[in-house]
Amino acid sequence: KKREHFISASNSSLVQIFQTMRPDAAAQQLTEIGPAMGASIVSQLDPKISSVIMAEMKPEDAAKIAVILTNAMETDERS
């Protein structure tokens, strides 16, 4: 339980951090942490913020995140 609470609180804090970062800095950080974790964070951001951040990314990096998000949505729709 403690571990789950810590992960949940950390995740929420991390999302808040990305919400307030400059878009170019957030794009660079999300690229560095990898597409899976980047997609997880982007999915929790306000769409206006996530779109600006993804626009700052290299197209291939943004595409990797978009593919992961699309696959996740398709999985949710099948459930």
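Counting restarts for each chain: residues are numbered from 1 in the order of the written sequence. Totals for whole chains, interfaces and linings use all residues, but because this is a predicted model, local features are given only for residues with pLDDT of at least 70 and pairs of side-chain atoms are given and counted only at 80 or more. Excluding hydrogens and water, the side-chain values take into account all heavy atoms of the structure.

**What to know about the overall build of the protein**
We count a stretch as a helix when DSSP gives it H or I for four or more residues in a row; a strand needs E for two or more, and each element gets its number in order from the N terminus. Secondary structure assignment for the protein yields five helices and zero strands. The helix and strand sequence of the protein, counted from the amino end, reads α-α-α-α-α. Under the scheme applied here, a residue whose accessible area is under 20% of the maximum for its type counts as buried, over 50% as exposed, and between as partly exposed, the area being computed with a 1.4 Å probe on protein chains only. Expressed as a percentage of its 79 residues, the buried residues of the protein come to 24%. In what follows, residue pairs with any heavy atoms lying within 4.5 Å of each other are defined as contacts. Here the analysis covers contacts within the protein between residues at least 6 apart in sequence; of these, 62% occur between residues at least 24 apart. The protein chains shown are the only cover counted for residues, whose accessible areas, like all others here, come from Shrake-Rupley with a 1.4 Å probe. A total of about 5700 Å² of accessible surface is found on the protein, and carbon and sulfur atoms cover 56% of it.

**A few points about the pattern of salt bridges**
In what follows, salt bridge is the name for a side-chain nitrogen of Lys or Arg lying within 4 Å of a carboxyl oxygen of Asp or Glu. Overall, the coordinates contain one salt bridge when judged by the stated rule. R22 is paired through a salt bridge with D24; the nearest N and O atoms lie 3.1 Å apart. Classification of R22 as exposed rests on a relative accessible area of 56%. Classification of D24 by relative accessible area gives partly exposed; the value is 37%.

**Regarding helix α3 (residues 35-42)**
Residues of α3 that are buried: G38, A39, I41 and V42. For α3, the angular spread of the buried residues around the axis is 165°, confining them to a single face. Taken from the helix axis, the directions to the C-beta atoms give the arc we talk about.

**Concerning the nonpolar core**
Proteins that are soluble and globular tend to have nonpolar side chains buried together. What is meant by a nonpolar core is a set of buried Ala, Val, Leu, Ile, Met, Phe, Trp, Tyr and Cys residues, joined one to another through side-chain atoms within 4.5 Å. F18, L30, L45, I53, M54, M57 and I65 are the most contacted members of the largest nonpolar core, which has 14 residues in total. For M54, the residues in contact, after removing those within four places along its chain, are V42, A62, I65 and A66.

**Examining helix α2 (residues 23-33)**
Listed in full, the buried residues belonging to α2 are A25, A26, A27 and L30. Positive phi shows up at G34, right after α2, with a value of about 100°.

**Topic: the packing of α2 against helix α4 (residues 47-56)**
Only C-alpha atoms enter the line fits that serve as axes; for helices the fit covers just the stretch in contact. Angles between N-to-C directions range over 0 to 180 degrees. With their axes 8 Å apart at the nearest point, α2 and α4 run at an angle of 70° to one another. On the basis of their axis angle, the class for α2 and α4 is roughly perpendicular. Contact residues: P23, D24, A26, A27 and L30 in α2; V52, I53 and E56 in α4. For the contact of α2 with α4, a count of residues per class yields six nonpolar, no polar and two charged. Oblique is the label for any angle not under 35 degrees, not over 145, and not in the 65 to 115 range, which are roughly parallel, roughly antiparallel and roughly perpendicular in turn. Only Asp, Glu, Lys and Arg are considered charged, only Ala, Val, Leu, Ile, Met, Phe, Trp, Tyr, Cys and Pro nonpolar, and every remaining residue, Gly among them, polar.

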